[in-house]
Amino acid sequence: MRSKATCLVFLLLFALGLNAQTIISGLVRTNGKKPLEGASITLEGTWYGSTSSKDGSFSFSCPDTGHFNLSVSLIGYKKLEKEIHLTGSQLSIEFLLKEEVNEMQAVTVSAGSFEASNQRRNTVLKPLDIVTTAGQQADIVAALRTLPGAQQIGESEGLFVRGGTGAETKVFIDGMMVTNPFYSSVPDIAQRGRFSPLIFKGTHFSSGGYSAQFGQAMSSALTLETHDLPTRSETNMIISSAQLSLTRQQLLKEKKASAGFSINYNNMQPYYAVVPQKPHYSKPPEIINGEMYGRLKSRKGMFKYYGYATQNLIGFDRPSIEAEKANDQFNLKGQNIFTILTYSGNLNDNWKLNYGAGFSYNKDRIDLSTSTSSDTIFNFRPRISNNTMQARSVFTRLFGSLSKWHNGFEFLRIVDKIEARDSIPFINRTDNFISIFSESDIYITPSLLAKPGIRYEYSSLLQRGSLSPRLSFAWKLRKAGQVSLAYGKYFQKPETSYLFRKTDLQFSKATHYIFNYERIANNRTIRAELFYKKYEQLIRFPFNQPSILSNTGNGYAKGLELFWRDKKLFPGFDYWISYSFLDTKRQFQDYPLEATPTFAAKHTFNLVMKQFITPIATNISVTYSYASGRPYYNPNKPVKDFLSDRTIDYHNLGFQVNYLCEIGKANTVFIFNLNNVIGNNQVFGYHYASKPNNAGLYRGEAITPMAKRFVFIGAYLTIGNDRRREIIDN
């Protein structure tokens, strides 16, 4: 009897609870009475709420009573709140939202720039695209070569953009300049970038007309932004044919700080034992590096720390082109340290601060010789080092939700040395380099943006300054299209190799003019860009007299670039096409006349295709790259035919497969990557002897890849955070 009474009381209380429920319903519409789908309706201070349906309606119940604020929010509209009184009776409310343009909807300058980000509205690529592009071995620069403006260069490291040298592109991480972003130079073999694309959440590649917040790059700026706090602790491992890697990220209590480390070991000896290479390696490439990460979220901002240290060894020999029955030997031991500490946050409601400080060190021990079995013909053993300390501050004033005014300064202390050794004299070059800049994002309307800027730089080594005005406009058209214009002057110090010989030089200079059309809508992107670039004050020296330097060089580059990307054609299928036409000539270095430089192809074309097969969790990627033949110097031709010869056209077909699975507790991605599938002959240029033979001719040989193909087989394992869904979604 007591049990029945208890059940009766419980049922009575439950019924009373049901009677106390307040049903809140209504509509969410625009001021023009158009229904809004996907609006978030929340009863502030509680767990209760709903989302509006296709017709703008919503409904949910709440057992609480009293006064509450009911809020409605939707991206692109101003958040609206209403005070309501819950009494247990039904309540009906209508919300009329006003449109609000934020950074995701507003026009942005797209002239000369490509975003690789998960967050920006005008993103063309995502960070994962860099990892999954076939034939590029997850190298940031190699993947960016599939975009318009970049050249297919296989004999030298760097990003060669719109008729510029690799040195004319600078790399920045979290706003800080990276002095040595690539592994140390090796004759005729391009070196990859030092940094993994997996540590960056955003990549901004500017092929011209870039912001006044950056400088010392006549052609291009590559700005990389590291990840913020991880969502959870995780351990990553890479096991491959050439690499072993272990990474640990630990998210600390309260999820406001994290710390981590990474250890990587690369050794190409096992691979080279299976796949013969040219030249012969006496010491196949061996690299060991370590990284440290730190994140601290404060009340108003975020501190980030990134530290990197590496040592690499390489040695090879090959038949000498200068002397018969002689070999050229090359050995390199490189050491590099790069470390930065940055802060980004709010000073108050109107001002933001970005601050950074960093230190980098690089030392290369090079042994270069030519010898026979009985004699040493030539010996050169330089020890070259660089120390760079830098600091940077940017103060940003906010005006409303869109317009901004950036003001900042930078200081770099750069010390370059050559150690005294054998017949090499001691050389020390120290430069205190100062930059001051100001730039505004002025939204005349949400669809019309003006971006004026100015930058001043001073070099104590050159004892000269430069003033760089920059101006760009963007106008958002109907149907998701926009037009951008950009203009700017860009100055750059002479390369260190020139400054070792002479310091009484000027800044080299390039002036950019860019017109761009871009449309991103419905998972399709189309871009077209015209550009003109004028070079002045380039370094020149007479033939075979590299110590007589002057700033009398000049040149130009002009062209058309096209880009198309489609992620809508078939389910899971994604492809992009890029084409560049380049007309460029310059007279610099020891060029006797104005000519197309050896690193510039008139036509480049790229096709990248990716298909994700969901039932078997497999991604297949194919990349085809083409470049017309590039000029090369043939000393057997008269001066009037300088750089008139061309290499054969460049063709490269890459193939990659990624398979997602689980191995125990490890979420795993297996990777198979094959470069130059068909085995096309690839020639990057030619070398010729410095002296003619008995017949009066200069002996030459082609510069080619180390092997016909490159194969990569590996696995990426994650413990603690399942990234397979992230890969599928991206």
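For clarity, every value in this text was computed on a predicted model and none was experimentally measured. (Residues numbered from 1 in each chain as written. Predicted model: local features only at pLDDT ≥ 70, side-chain atom pairs only at ≥ 80, totals over all residues. Heavy atoms only, no water.)

### Side note on the pattern of salt bridges
How we decide: By convention in these notes, a salt bridge is any Lys or Arg side-chain nitrogen within 4 Å of a carboxyl oxygen on Asp or Glu. To qualify as a helix, a DSSP run of H or I must reach at least 4 residues; to qualify as a strand, a run of E must reach at least 2; elements of each kind are numbered from the N terminus. Throughout, exposure labels follow a simple rule: accessible area from a 1.4 Å probe, protein chains only, divided by the maximum for the residue type, with under 20% read as buried, over 50% as exposed, and the rest as partly exposed.
Tallied over the full model, the rule gives 28 salt bridges. Residues D367 and R383 are paired through a salt bridge, measuring 3.2 Å at the closest nitrogen-oxygen approach. One end of the pair, D367, is in strand β19 (residues 351–371); the other, R383, is in strand β21 (residues 383–399), and 16 residues separate them in sequence. For E457, the salt bridge goes to R455, with nearest N and O atoms at 2.7 Å. Of the two residues, E457 and R455, neither departs from the other in class, the shared state being buried.

### Some thoughts on the sheet that holds strand β4 (residues 57–62)
Note the cut-off: DSSP-based pairing: two strands are paired if at least 2 bridges between them are found. Here, axes are lines fitted to C-alpha atoms. For helices the fit covers the stretch in contact, and angles between N-to-C directions go from 0 to 180 degrees.
If you trace the three strands from one edge of the open sheet to the other, you get β4-β1-β7, paired in mixed fashion. Unpaired on one side and paired on the other, β4 and β7 (91–97) mark the two borders of the sheet. Averaged over all neighbouring strand pairs, the angle between strand axes comes to 25°, with direction disregarded. In the sheet, strand β1 (residues 22–30) pairs with β4 via six bridges, with the strands oriented antiparallel. Bridged to L27 within β4 is S57.

### Section: the pairing of strand β35 (residues 650–663)
In this sheet, β35 lies alongside strand β32 (residues 618–627) in antiparallel orientation, the contact comprising 10 bridges. Each bridged residue has a counterpart across the sheet, and for Y626 the counterpart in β35 is H651. Two strands pair when backbone bridges link them, and β35 and strand β36 (residues 666–675) are joined in this way by nine bridges, in the antiparallel orientation. Bridge pairing in β36 links I663 to A666. What sits between the antiparallel neighbours β35 and β36 is a turn of two residues, in which G664 has the positive phi angle 65°.

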